[in-house]
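Summary of the model geometry
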Amino acid sequence: MLSLNAKLQNLNRVGESTAASLKKLGLESISDLLFYLPFRYENYDAMASIDTAEIDTPVNIIGQIELIQSRRTMNRRMSLTEALVRDDSGTIKVLWFNQPYLAKSLKVGDYLSLAGKITEKNGQATMLAPIYEKLNNGELIHTQGLTPIYSLNADVTQKQIRGLIKQVVDLSSELEDWIPSDIAKEVGLISLGSAIKKIHFPENAEDIKLAKQHFGFAELFLRQLKSQISRREIQLSQAPEVFFNEEATKNFIASLPFTITNDQKKSAWEIIKDIAKFHPMSRLLQGDVGSGKTLVAVIALLNTALDKKLGVLMAPTEILATQHYNSIKKLLADFPVEIKLLTRNNKSDLSKIRDEQAGILIGTHAIIQDKAAIPNPALIVVDEQHRFGVRQRQKLKIKSSLMPHFLSMTATPIPRSLSLAIYGDLDISVIKEKPSNRQNIITKIVNEENRTAAYKFIGEQIKLGRQAFIVCPLIDPSDKLGVKSVTQEYDKLSTEIFPGIKMAVLHGKMKADEKDAIMAGFLKNEIKILVATSVIEVGVDFPNATIMLIEGVERFGLAQLHQFRGRVGRGEHQSYCFLAPNNGSKLSEKSRTRLEAMVKHQDGFYLAEEDLKLRGAGEIYGTIQSGFPELKIASLFDYELIKKTKAAAEKLIAADPELKNHPLVKKELGAWEKTIHLE
């Protein structure tokens, strides 16, 4: 009697070789096999007679073999198996490639069910490499109806995996359904066993929908449970209360040479209210490039320092930390606040901050590494939060007797549904408005025919004292990919296009000191053109840089292109972004749609939504999804499902915070965390 934990070698047609191939897919037990879900379906619902079958349309034909033979092609590189199959309406030619054994396993007189597309070859209707089943083999699972398609390697075929799952699918009724029955009933989920059967062998589209609803809910529910547990742990902790200094805050805002936006005011107030509480704030401040997130953080840091407490601002790079330090010192020049910088190469005298445990400390990872640096921070702000792992953030918190308030900032615009799914444990403040003094960046697509004009324009801007970025997808040339590289473009541009203009290269394989030196040279306007990879995506302000030329734009998502564009337009001068496709004007319709969206829209949140529709979340948000692998079943567009999982998780954790009454949920959550290696 087979059990869910039985090894796959116990199944028919699974020898040592097949078992080894299945193991490469992560499949060792029957349970593994049942949870190996298809990623799409072929629809062979359209059963047709040979004379009515349409060209280039998936179709199912049932007929009898009249003739079958194998032969090698003229050049001997390929074997062909040819057959003639007849039904009551006529005959059709069938071709299989490199499967000579078929002429032995299939015989004249056999009745076959064939599934595939019919093409016209030399004026004759032909089925090329169709899936086949003999009619005397019982139920048809490969050639009729909705046929599941799985992600496989070269050693395992679709027919093999379907056949193996068919052997064991009835065991799915023995699976433990870990989603509590009251929640499943409230949401309208079918049982786990039923979902397994329907997703592997659906009878119709409704079966697939019901199965995906179960698995999608399960995926998101686990994430929301984890978020609710984290949120509860935070709420049970204590944090230092930061007094709101209303007078100083008003004076600071009045001293600014510009008017802050309503979104900045709202976000700052949300943060101020949070840090005044005895429970630690855990908030994400997300805002488009140039929306003024740092200023909002400064308001919170100022209140912290004036209340004789320590505020910390961490940045991912030394040059960005230094830029924050210089700008914040200037902004707070009239306030009695101690401001210090701590980086690998700049170790300020921190004795006063350590003694008084008050002021503002700005730095990089060095803050974490220097154990004496931050004895009791009341507020920690992390800029470009996805550059810091969960473990690093925990190190920051461990050094305090009270848990500090935590504010993370990101310039990656995150659609609402994605925010709810990824950051369920954080409160979120959003800045969408741009400061009134910020100009739109003129964006144009550069084809090969207007490339010379683009280079001429860049040269003219350099003569006016401006600077330019040129972004390439690769560091070194690649024959296989055929896209431009930093090293190749630098050689060409510095010798042929812009001779005599000071240029430099910047990419991720360089040492940190070397990168910082080049960025510093660019900031001082010593370097006029910077040829770089995506390392310039976030952070530093270069007010004098007015042009961004992005090569191979098809290789970047809209969200990333928008991040690149945000490196210019930081100063008083009009800025420009040129989008250069790798294949000139031969753009696919999808690529053209994406680039035209970049030309028309400056709103990063809108572009992120478009990118999510066109590319999916995994490619775009991979860098911020620590512990959040791409969803297999659930959709990040399904805002209603995300809301349902969040509400269900909140209700469950509120009623049973330790999950003592829900051991199956606790077990599943533990297994999930182990699988995704949550930091």
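Above: the structure in question.
Predicted model, so just to flag it, every value in this text is computed and none were measured.

1. As for the pattern of salt bridges
Enumeration over the complete set of coordinates arrives at 25 salt bridges. Note that Arg86 and Glu66 form a salt bridge whose closest N and O atoms lie 2.7 Å from each other. With a gap of 20 residues between them, Arg86 in strand β3 (residues 79-87) and Glu66 in strand β2 (residues 58-72) connect regions that are remote in the sequence. On the basis of relative accessibility, which here comes to 39%, the residue Arg86 falls in the partly exposed class. Given a relative accessible area of 39%, Glu66 falls into the partly exposed group. Through salt bridges with shared partners, a single network forms among Glu270, Asp274, Lys277 and Arg283.

2. Describing the packing of helix α6 (residues 192-200) against helix α7 (residues 205-236)
Two measures define how a pair of helices packs: the angle their axes make with one another and the distance between the axes. At a minimum axis separation of 8 Å, α6 and α7 run at an interaxial angle of 130°. In terms of orientation, α6 lies oblique with respect to α7. With respect to the hand of their crossing, α6 and α7 are arranged in left-handed fashion. Where α6 abuts α7, its residues Leu192, Ala195, Ile196, Lys198 and Ile199 lie against Asp207, Ala211, Lys212, His214 and Phe215.

3. Side note on the sheet that holds strand β9 (residues 282-287)
If you trace the 7 strands from one edge of the open sheet to the other, you get β11-β12-β10-β13-β14-β9-β15, paired in parallel fashion. Across the chains shown, the open sheet's two edge strands, defined by having one partner strand only, are β11 (339-342) and β15 (427-431). Strand after strand, the sheet turns through a mean of 20° between neighbouring axes, direction not considered. Across the sheet, helix α11 (residues 318-331) lies against β10 (310-314), β11 and β12 (359-363), angled at about 170° from β11, the strand it touches most.

4. Some points on helix α1 (residues 16-24)
Every α-helix carries 3.6 residues per turn, so stepping three or four residues along brings you back to the same face. All buried positions along α1 are accounted for by Thr18, Ala19, Ser21 and Leu22. Taken down its axis, α1 places every buried residue within 160° of arc, on the same side. Turned more than 90 degrees from where α1 packs its buried face, Glu16, Ser17, Lys23 and Lys24 sit exposed. Considering only its buried residues, α1 is in contact with α4 (158-168).

5. A short note on the nonpolar core
Formed by 92 residues in total, the largest nonpolar core has its most connected members in Ile458 and Ile550. Considering each element in turn, this core owes the most residues, 9 residues, to helix α10 (residues 293-306). Once residues within four sequence positions are removed from consideration, Ile550 is found in contact with Val471, Phe556, Leu561, Phe564, Cys577, Phe578, Leu579 and Ala580. Formed by 35 residues, the second largest nonpolar core is a distinct cluster that contains Leu8, Leu25, Val156 and Leu175.

Parameters and conventions
Residues numbered from 1 in each chain as written. Predicted model: local features only at pLDDT ≥ 70, side-chain atom pairs only at ≥ 80, totals over all residues. Heavy atoms only, no water. Salt bridge = Lys/Arg side-chain N within 4 Å of Asp/Glu carboxyl O. Helix = DSSP H or I, 4+ residues; strand = E, 2+ residues; numbered from the N terminus. Buried < 20%, exposed > 50% of the residue type's maximum accessible area, 1.4 Å probe, protein only. Axes fitted to C-alpha atoms, helices over the stretch in contact; angles between N-to-C directions. Parallel < 35°, antiparallel > 145°, perpendicular 65-115°, else oblique. Left-handed = near helix turned anticlockwise from the far one by under 90°. Contact = heavy atoms within 4.5 Å. Pairing = 2+ DSSP bridges. Arc of directions from axis to C-beta. Core = buried A, V, L, I, M, F, W, Y, C linked by side-chain atoms within 4.5 Å.

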